[in-house]
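# Notes for the structure review
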Amino acid sequence: MLKKFTFFLLGLSVLLLLFAALVGPEELALFLGSEDTVQAPQNTSASQWCADMENKPNKQWQEGDFQRFAEECL
């Protein structure tokens, strides 16, 4: 019984790792239905991007957003 449970958990772990390797953050956000997040395009002008980020809640910022905001907007 314990051996079967161990193999089941091992198989589940392998499937989870495969899923994580094949699915990117954008696909995962679409799958989970979090379409309300605001993603600023990287090719916009710095002033427009700064204005967009000021309106975006801080909880939705990612690490790269904080660094870029500090470099371009402050």
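The coordinates are above.
Reading the values: rules and limits
Along each chain, residue indices are assigned from 1 in the same order as the chain's sequence is written. In keeping with the model being predicted, local features are shown solely for residues with a pLDDT of at least 70 and side-chain atom pairs are shown and tallied solely at 80 or more, while totals for entire chains, interfaces and linings include all residues. Hydrogens and waters are ignored; side-chain quantities use all the structure's heavy atoms. Any Lys or Arg side-chain nitrogen found within 4 Å of a carboxyl oxygen on Asp or Glu counts as a salt bridge. Working definition: helices are DSSP H or I runs of at least four residues, strands are E runs of at least two. Numbering for both runs from the N terminus. Only protein chains enter the calculation, and the probe is 1.4 Å; a residue is then buried if its accessible area is under 20% of its type maximum, exposed if over 50%, and partly exposed in between. As used here, the term nonpolar core means buried Ala, Val, Leu, Ile, Met, Phe, Trp, Tyr and Cys residues forming a set that is joined through side-chain atoms within 4.5 Å.

With that settled, consider the pattern of salt bridges. Taken as a whole and judged by the stated rule, the model has two salt bridges. In this structure, Lys56 engages Asp65 in a salt bridge whose closest nitrogen and oxygen atoms are separated by 3.7 Å. Between Glu72 and Arg68 there is a salt bridge; the shortest N-O distance is 3.2 Å. Residue Glu72 and its partner Arg68 are both found in helix H4 (residues 63–72); the two are separated by four residues, about one turn of the helix. Given a relative accessible area of 12%, Arg68 falls into the buried group.

Bringing the nonpolar core into the picture now. Within the largest apolar cluster, five residues are counted, these being Trp49, Cys50, Met53, Trp61 and Phe69. The biggest single contributor to this core is helix H3 (residues 46–55), with three residues.

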